[in-house]
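Residue strings, one per chain:
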Amino acid sequence: MFRAVRFTTGVSATRIYIPATLPMLRQLREAKEWPATAVHTVTPALREWYAEGDEEMLEYIAFTRAAQAALALLRNDPSAPRRRVVVSADAPSNAVVATGDELGSSDARVSQPIPLRDVAAIHVDADEAEPDVTAAVEAVDRAVAGDPDAQFTVEAAEGHELEWYDVSELDDLIARAE
């Protein structure tokens, strides 16, 4: 699921994790690319913070943080179905810049659009996660501020593993949002 890749042109690539919502997938289908945006990835700060972690564990941490960032996107879109979405894609390494200064940060920005062909997979919460995700959307700001009850609520949503979908299933995922 998590690995570094090389584009067929020989340019090295970095796996990025893009927080999203189901309605945002419609834009991906229509534009055939994801715009330059904030993402999560394995950054030098994350490697330093978790030095004993192998590559797969570091990728999982970045993926999990993207799923948490999807909660904030859901908070800002009350009409979106309450399911976290993470788009896993490969971006040219020279287009991915770490933006978080703190130790352990996976925050980055991709400086160019990501073509649909470079999307590796789409990950979405199952239907049964909706009640926990709904509660987490309401609690995420308080959780970040340190409220232990809100953190517990967010962790309940994080207990749901996101389902894996191939890019060929994009239309089916968009239909779930309508």
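All values reported here derive from a predicted model rather than from experimental measurement.

The rules behind these values
Residues numbered from 1 in each chain as written. Predicted model: local features only at pLDDT ≥ 70, side-chain atom pairs only at ≥ 80, totals over all residues. Heavy atoms only, no water. Salt bridge = Lys/Arg side-chain N within 4 Å of Asp/Glu carboxyl O. Helix = DSSP H or I, 4+ residues; strand = E, 2+ residues; numbered from the N terminus. Buried < 20%, exposed > 50% of the residue type's maximum accessible area, 1.4 Å probe, protein only. pLDDT = per-residue confidence, 0-100. Contact = heavy atoms within 4.5 Å. Phe/Tyr/Trp six-rings, centres within 6.5 Å; stacked < 30°, edge-to-face > 60°. Lys NZ or Arg CZ within 6 Å of the ring centre and 35° of its normal. Polar contact = N/O pair within 3.5 Å; in protein donor to acceptor, adjacent residues only side chain to side chain. Arc of directions from axis to C-beta. Pairing = 2+ DSSP bridges.

Undergrad: Please provide a residue-by-residue account of the pattern of salt bridges, values included.
TA: Evaluated as defined, the whole model comprises eight salt bridges. Close ionic contact of R75 with D141 constitutes a salt bridge, the shortest N to O distance being 2.7 Å. One end of the pair, R75, is in helix α3 (residues 55-76); the other, D141, is in helix α4 (residues 130-144), with 66 residues separating them in the sequence. The class of D141 is partly exposed, set by a relative accessible area of 45%. The salt bridge involving R83 is made with E130; its shortest N-O contact spans 3.2 Å. Pair noted here: R83 is in the loop between α3 and β5 (85-92) and E130 is in helix α4, with a separation of 47 residues, a long-range link. For E130, a relative accessible area of 30% translates into the label partly exposed. Each of R83, D127 and E130 takes part in a single network of salt bridges with overlapping partners.

Undergrad: Hey, could you go over the confidence of the model for the protein chain for me, with residue numbers and the actual values?
TA: Looking at the protein chain, the pLDDT average stands at 91 and 94% of residues meet or exceed 70. Low pLDDT, under 50, characterises residues 1-8; the predicted model gives this stretch 20 contacts beyond four residues in sequence or across chains.

Undergrad: Quick rundown of the packing of aromatic side chains? Include the residues and the values.
TA: Scanning the model with the defined rule gives two aromatic pairs in all. Look at Y17 and F63: their rings are 5.8 Å apart centre to centre, the planes differ by 90 degrees, and that puts the pair in the edge-to-face class. Taken as a pair, Y17 in strand β2 (residues 12-20) and F63 in helix α3 lie far apart in primary sequence, 46 residues in all. The exposure classification of Y17 matches that of F63, with both residues buried. Both rings, one in W49 and one in Y50, keep their centres 5.7 Å apart while their planes meet at 35 degrees; by these two values the pair is tilted. Lying over the aromatic face of W49, R65 brings its terminal NZ or CZ to 5.3 Å of the ring centre.

Undergrad: Go over the side chain of S105 with me, naming the residues and quoting the values.
TA: Here S105 lies in the loop between β6 (96-98) and β7 (107-110). The buried category is assigned to S105, whose relative accessible area is 4%. Reaching out from S105, the side chain makes a polar contact with the backbone nitrogen of D107 at a distance of 3.1 Å. In this view, S105 contacts T43, A45, L46, R65 and G100; residues no more than four positions away in its chain are not counted.

Undergrad: Help me get a handle on helix α6 (residues 170-177), residues and values and all.
TA: Along α6, the positions that sit buried rather than exposed are L170, L173, I174 and A177. When α6 is viewed along its axis, its buried side chains cluster within an angular range of 100 degrees and face the same direction. Where α6 is buried, its residues touch α1 (22-31), β9 (119-124) and β10 (163-165).

Undergrad: Please give an account of the environment of I114 that cites residues and values.
TA: With respect to the secondary-structure elements, I114 resides in strand β8 (residues 114-115). A residue is classified by how much of its surface remains accessible, and I114, at 1% relative accessible area, is buried. Taking C-alpha positions, I114 is 18 Å from A70, a pair spaced 44 residues apart along the chain. The contacts of I114, once residues within four sequence positions are left out, are I16, E33, W34, A89, D90 and A91.

Undergrad: Go over the pairing of β2, please, and point to the residues and values.
TA: Within β2, eight of the nine residues are buried, which leaves the element mostly enclosed by the surrounding structure. As judged from the eight bridges shared by β2 and β5, these two strands associate in the antiparallel manner. Looking across to β5, one finds that R15 is bridged to D90.

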